[in-house]
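So the chains spell out like this:
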Amino acid sequence: MKLTERQKEIIEIVKQNEPITSQEIAERLGLTRAALRPDLSILTMAKILDAKPRVGYYFVKEPGAVGKLEKLLEMKIEDLQSHPVVVQESSSVYNAIVTLFLEDVGTLFVSDKEGYLVGVVSRKDLLKVTIGEADIQKLPVSVVMSRMPNIIVTKPEETFYTALRKLVDYKVDALPVVVEEEVNGQTRLKVVGRFSKTTLANVLASHLSEL
Ligand code: ADP
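Per chain, the residues get numbers from 1 upward, laid out in the order the sequence is written. Where local features are concerned, this predicted model is filtered to residues with pLDDT of at least 70; where side-chain atom pairs are given and counted, the filter is 80 or more; whole-chain, interface and lining totals use all residues. Water and hydrogen atoms play no part in the side-chain values, which are based on all heavy atoms of the structure.

The name an unreviewed UniProt entry assigns to the protein is Transcriptional regulator, from the organism Anoxybacter fermentans.

Structure (structure tokens):
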């Protein structure tokens, strides 16, 4: 956000005199309170200033490294998730392996015809079946996948820390991000994203560089 000269001046006045009322800020700038109001609204909405009723305006200090880390851990999965890669349960193992390469992921989510989550297939699930005698052009992924209801999922409103714990505690590489839908009285899961160890590494790399 680009601040105007007057907004910068207001911030300086608040920094040096906090808490300070809008009347006092207006006087220092030779303005009326009404003329100052739009700038004060912008600065409070941008969380640069904070107003306490009957006390005045404060400058909002930048959180330190610990504060930033705490914020990161509380971030919502919907703001961090990556694109999900989904194959249908009738897809062949061969097709799943090709998808793994084309999409450059390590885990595929598996859906039924209606697009609801039925399972997850990992690199090793696919490797295991290819070292056997199976005809991977014909064999459907549904035979080799881990299936519902034993799939560990996360949700858009869950926190980064909750999802991170699930990856570690359940020793899996990826979680489907799902939303619940009621279908004929049953709760089904729609895949809307992916939270994987790669997503985790990317989020950490970009946020830690800002500490
Ligand atoms: P890999 O097997 O390639 O090392 P994972 O560690 O993620 O990858 O998978 C280990 C096993 O857990 C596999 O059999 C896989 O099907 C299963 N799995 C992977 N992700 C999940 C998940 N989110 N929920 C349940 N099971 C999963």
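Description of the layout of surface pockets
Residues are called lining when one of their atoms sits within 4 Å of a cavity or pocket point, these points coming from a 1 Å grid over the protein atoms alone, where a cavity is a set in which a 1.4 Å probe fits but cannot get out and a pocket is an open set with protein on both sides within 12 Å along at least five of seven lines. Grid points are joined across faces, edges and corners, and a volume is the space filled by probe spheres set on the points. As a volume, the largest pocket reaches approximately 310 Å³. As for the largest pocket, its lining consists of 15 residues, of which V120, S122, D125, V172 and D173 are closest to the centre. Helix and strand definitions follow DSSP, with helices as H or I runs of at least four residues and strands as E runs of at least two, each counted in order from the N terminus. Those elements that provide at least two residues to the lining of the largest pocket are β5 (117–122), α6 (123–130) and β7 (174–183). Among the elements that take part in the lining of the largest pocket, α6 stands out by supplying three residues, more than any other. Its residues assigned to classes, the lining of the largest pocket comprises six nonpolar, five polar and four charged. Of the pockets and cavities examined, the second largest pocket occupies roughly 250 Å³. Amino acids are sorted into nonpolar (Ala, Val, Leu, Ile, Met, Phe, Trp, Tyr, Cys and Pro), charged (Asp, Glu, Lys and Arg) and polar (every other residue, Gly among them).

Description of the domain arrangement of the protein
Interfaces are often sized by the accessible area lost when the parts come together. What counts as a domain boundary in this text is fixed by an automatic or database domain assignment. Here the protein is partitioned into domain 1 (5–62) and domain 2 (72–209). Summarising the inter-unit geometry, the C-alpha centres of domain 1 and domain 2 are found 48 Å apart.

Section: the site of the ligand
Proximity is defined per residue: any heavy atom of the residue falling within 4 Å of a molecule or strand makes that residue near it. Residues in close proximity to the ligand total 14 residues, the closest being S122, D125, S146, I152 and D173. Counting of polar contacts relies on pairs of N or O atoms within 3.5 Å, with two restrictions inside protein: one atom must be capable of donating a hydrogen and the other of accepting it, and residues adjacent in sequence are counted only when both atoms are side-chain atoms. S122 places a side-chain nitrogen or oxygen 2.8 Å from an oxygen atom of the ligand. Take S146: an N or O atom from its side chain is 2.6 Å from an oxygen atom of the ligand. Relative to its unbound accessible surface of 540 Å², the ligand loses 82% to contact with the protein. Here the criterion for a molecule occupying a pocket or cavity is that more than half of its atoms lie within 2 Å of the pocket grid points. According to the grid-proximity analysis, the pocket containing the ligand is the largest pocket. Of all the secondary structure elements, the ones that give two or more residues to the shell around the ligand are β5, α6 and β7. Here the element with the most residues in the shell around the ligand is α6; it accounts for three residues. Of the residues assigned to the shell around the ligand, the class counts are six nonpolar, three polar and five charged. Areas reported as accessible are Shrake-Rupley estimates using a 1.4 Å probe. Residue values count occlusion only from the protein chains shown.

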